[in-house]
Amino acid sequence: MAKKAKKDYFGLGWIVSLILAIIPVTSWICGAITRFQEGKWVAGLIRLIFGFNIVWLLDLIFMVMNHSICRLLNV
């Protein structure tokens, strides 16, 4: 049996991650924490600065279409 890929927001399922992504404050905090846990410090800081508006909308779109948060910067 193939192992499932780890999904966003602490490895939670897609439905739970989608619910967290819909709420702006939780999306902002969980997105930044997720990026910091991945070791992507610059991306985490960008999420803290811009995550409450621009990145939140992108996260909603990506969560519905790709089942993962937006990863524009992998640094």
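Residues numbered from 1 in each chain as written. Predicted model: local features only at pLDDT ≥ 70, side-chain atom pairs only at ≥ 80, totals over all residues. Heavy atoms only, no water.

**Quick word on helix α5 (residues 54-66)**
Owing to its 3.6 residues per turn, the α-helix aligns residues three or four sequence positions apart on the same side. The following threshold applies: Helix and strand definitions here come from DSSP, where helices need a minimum of 4 consecutive H or I residues and strands a minimum of 2 consecutive E residues; each element is numbered from the N-terminal end. Here a helix's expected span is defined as the number of its residues, less one, multiplied by 1.5 Å. Exposure is judged per residue with a 1.4 Å probe applied to protein chains only, and the accessible area is read against the type maximum: over 50% gives exposed, under 20% gives buried, and values in between give partly exposed. The directions from the helix axis to the C-beta atoms form the arc being described. In this analysis, two residues are considered to be in contact whenever any of their non-hydrogen atoms come within 4.5 Å of each other.
The end-to-end C-alpha distance of α5, which contains 13 residues, comes to 18 Å, matching closely the 18 Å that a straight helix rising 1.5 Å per residue would cover. Of all the positions in α5, only Val55, Trp56, Asp59 and Met63 are classed as buried. Buried residues of α5 fall within an arc of 100° about the axis and therefore sit on the same side. The exposed residues of α5 that point more than 90 degrees off its buried face are Ile54, Val64 and Met65. On its buried face, α5 is in contact with α1 (8-11), α2 (14-22), α3 (24-37) and α4 (41-50). Of the residues flanking the end of α5, it is His67, one or two places downstream, whose phi is positive at about 65°.

**Comments concerning the pattern of salt bridges**
Heads up, the rule is: Only one rule defines a salt bridge in this text: a Lys or Arg side-chain nitrogen within 4 Å of an Asp or Glu carboxyl oxygen.
Summed over the entire model, instances satisfying the criterion amount to three salt bridges. Residue Asp59 pairs with Arg47 through a salt bridge whose shortest N-O separation is 2.7 Å. You can see Asp59 sitting in helix α5 and its partner Arg47 sitting in helix α4, a full twelve residues away along the chain. Judged by relative accessible area, Asp59 falls into the buried class, the value being 1%.

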